[in-house]
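Each chain, letter by letter, is given below.
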Amino acid sequence: MRRSTPFLSLITLTISLSLTAAPARVHTTKTHKLEEVAEGVYFATGTGAMFLMSNAMVVVTDEDVVVVDSHITPAASRALIESIRTITEKPITTLINTHFHYDHAHGAQSFRDVQIIGHEYTREKLIAAPLEEHSFLNLQAAFERGLVDLKRRLDETTDETERGSLEAQIAFNQAHIKATEEVQPVAPDVTMSDRLTLFRGGREIQVHFFGRAHTAGDVAIYLPKERIVFTGDMLLGGISWLGDGYVSEWSATLENLKSLDFERILPGHGPIFYDRARIDYVQAYYEDLNKEVVRLRKAGLTAEETAAQADLTRHSDTLGVKDRGASLDAVKRIYQLLDQNND
Ligand SMILES: [Zn+2]
């Protein structure tokens, strides 16, 4: 027992070192935290002052600035641009959108005179009917419902502290709903199918499509010298939203992503992570989810029943799946794809 102690503490030390490797400088504005993950490369997340919903990456080259993802509304992306202005005066020339989802792409209109790079599929989706996409409409409906509920609670409460909190939440919801009215989606004007590389101001910025995953056009942005990858929503620290996903193909796509030599993973939501084992965890979950849904569908269950009964609790330790069940959006999506294939 005593002999194992030094070994254990070595493990603990290694883990804590890997979590805290090269502490990043954080530059904070009212709306954004810009975490400098390598010289001139920033991971942009929100301070909570406004609703951004997704993360972004900012790459300052010797000549210009390349931004990856543009938040949920023009107001949110204007705040990002203002925050970038506090770190550099170089022109923002390029925006790369990881995928078409509203929370990553609907701020694109704030960027003037830039080239917008995205996958061919992302362009297709953003010139079609982005304001009719179910992902966008679902969130809008949730905000509207939330507002009605908050107002009802405000009418009912007599507690002054709760009143203040509810009023703040109402203002936050209203500000977001108002900000959404301004959205005029902009599609990429430079598209790619598999790979595109920018050689720019002393930097190499690779844009990779590895296969279908969260959508049919997710790209990962890779900085080989800095060993950083920005993954959008094709890879988060946990389970992504699966409502537009290709769950049966997702694990293979992530396997392709693993071919890159990176150290830091900057996800579209949530904090940076370093632990590549997390990729294995989500791969295993998507594989099991797909199997489980196919099995229950064959047994004649509806999507609702499958969503309630699917057992993925063996992912409890890795992904915190403690209870039976799976996301109904995910199950409906898997059913939809199987129905299309008449399978
Ligand atoms: Zn997404």
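Residues numbered from 1 in each chain as written. Predicted model: local features only at pLDDT ≥ 70, side-chain atom pairs only at ≥ 80, totals over all residues. Heavy atoms only, no water.

Draft legend 1. Molecular detail of the overall build of the protein chain. Scanning the protein chain from N- to C-terminus turns up eleven helices and 13 strands. By the compact-globule yardstick of 20 Å for 343 residues, the protein chain fits well, its C-alpha radius of gyration being 21 Å. In terms of overall dimensions, the protein chain has a C-alpha envelope of 65 × 60 × 50 Å along the principal axes. Out of the 343 residues in the protein chain, the part that is buried amounts to 51%. Taking contacts inside the protein chain between residues at least 6 apart in sequence as the whole, the part at least 24 apart equals 63%. In the structure as shown, the protein chain presents an accessible area of about 16500 Å², 51% of it carried by carbon and sulfur atoms. When the 36 positive and 49 negative side-chain charges of the protein chain are each reduced to one mean point, those points stand 4 Å apart. (Helix = DSSP H or I, 4+ residues; strand = E, 2+ residues; numbered from the N terminus. Rg over C-alpha atoms; globule rule 2.2 N^0.38 Å. Buried < 20%, exposed > 50% of the residue type's maximum accessible area, 1.4 Å probe, protein only. Contact = heavy atoms within 4.5 Å. Areas by Shrake-Rupley, 256 points an atom, 1.4 Å probe, with all protein chains shown as cover. Lys, Arg positive; Asp, Glu negative; His and termini not counted. Charge placed at Lys NZ, Arg CZ, Asp CG, Glu CD.)

Draft legend 2. Representation of the coordination of the zinc ion in the model. Surrounding the zinc ion are the protein donor atoms H99 (NE2), H101 (ND1), H214 (NE2) and D233 (OD), which sit 2.1 to 2.3 Å from the metal. Geometry at the zinc ion is irregular, judged from the four donor atoms that bind it and their angles of 83 to 174 degrees at the metal. When the donor residues of the zinc ion are listed from N- to C-terminus, their spacing reads H-x1-H-x112-H-x18-D. Taken together, the residues span a long stretch of sequence, with H101 in the loop between strand 6 (92-96) and helix 3 (102-105) and H214 in the loop between strand 10 (203-209) and strand 11 (219-223) at a distance of 113 residues. You can call H101 buried: its relative accessible area is 2%. (Donors = N, O, S within 2.8 Å, 3.2 Å for Na, K, Ca; no water. Tetrahedral: all angles 85-135°; square planar, octahedral: opposite > 155°, others 65-115°.)

Draft legend 3. Region of interest: the pairing of strand 10. Within strand 10, six of the seven residues are buried, which leaves it mostly tucked inside the rest of the structure. Pairing of strand 9 (residues 195-200) with strand 10, which is carried by six bridges, proceeds in the antiparallel orientation. Bridge assignment links T197 to a residue of strand 10, and that residue is Q206. Here strand 9 hands over to strand 10 after two residues, with G201 in that stretch at a positive phi of 50 degrees. (Pairing = 2+ DSSP bridges.)

Draft legend 4. Region of interest: the side chain of D288. Structurally, D288 can be placed in helix 8 (residues 277-298). Within the structure, D288 has its side chain in polar contact with the side chain of R314 (distance 2.7 Å). For D288, the residues in contact, after removing those within four places along its chain, are L312, R314 and H315. (Polar contact = N/O pair within 3.5 Å; in protein donor to acceptor, adjacent residues only side chain to side chain.)

Draft legend 5. Looking closely at the pairing of strand 12 (residues 228-232). Taken across its five residues, strand 12 has five buried, putting it largely inside the fold. The alternating pattern of strand 12 places I228, F230 and G232 and V229 and T231 on opposite faces, both of which are buried. Bridge count between strand 11 and strand 12: three bridges; the pairing is antiparallel. By the bridge assignment for strand 12, L223 is matched with I228. Hairpin remark: strand 11 followed by strand 12, antiparallel, with four residues in the connecting loop; positive phi at R227, about 55 degrees. Of the strand pairs in this sheet, strand 12 and strand 13 (residues 264-267) are connected by four bridges, and their pairing is parallel.

Draft legend 6. Structural context of the environment of L52. Looking at where L52 falls in the secondary structure, it is placed in the loop between strand 3 (41-46) and strand 4 (56-60). Taking the C-alpha atoms as reference points, L52 and A76, 24 residues apart in sequence, are found 5.5 Å from one another. The contact partners of L52, leaving out residues within four places of it in the chain, are T31, H32, T45, G46, H71, I72, A76 and D103.

Draft legend 7. Layout of the sheet that holds strand 9. In spatial order, the strands read 9-10-11-12-13; together these five strands make up an open sheet with mixed pairing. Edge positions in the open sheet fall to strand 9 and strand 13, since each of these has one partner strand only. Shown here is a sheet whose adjacent strand axes are inclined to one another by a mean of 20 degrees, direction ignored. Bridge count between strand 10 and strand 11: four bridges; the pairing is antiparallel. Of the residues in strand 11, the one forming a bridge with F209 is V219. (Axes fitted to C-alpha atoms, helices over the stretch in contact; angles between N-to-C directions.)

Draft legend 8. Layout of the packing of helix 5 (residues 134-156) against helix 6 (residues 160-181). Between helix 5 and helix 6, the shortest axis-to-axis distance is 9 Å and the interhelical angle comes to 150 degrees. In terms of orientation, helix 5 and helix 6 fall into the roughly antiparallel class. The way helix 5 lies across helix 6 gives a crossing that is left-handed. For the pair helix 5 and helix 6, the contacting residues are F136, L139, Q140, F143, E144, G146, L147, L150, K151, R153 and L154 in the first and E162, R163, L166, E167, Q169, I170, N173, Q174, H176, I177 and T180 in the second. (Parallel < 35°, antiparallel > 145°, perpendicular 65-115°, else oblique. Left-handed = near helix turned anticlockwise from the far one by under 90°.)

Draft legend 9. Spatial organisation of the sheet that holds strand 4. Overall, mixed pairing links the eight strands, which are arranged 1-2-3-4-5-6-7-8 in an open sheet. One side of each edge strand has no neighbouring strand; the edge strands of this open sheet are strand 1 (25-28) and strand 8 (190-192). Here the strands of the sheet are splayed against their neighbours by 20 degrees on average, with no regard to which way each runs. Bridge count for strand 5 (residues 65-68) against strand 6 is four bridges, and the pairing is parallel. Across the sheet, residue V65 finds its bridge partner in strand 6, namely I92. Against the sheet, helix 4 (residues 120-127) makes contact with strand 7 (115-119) and strand 8, and its axis sits at roughly 110 degrees relative to strand 7, the strand it touches most.

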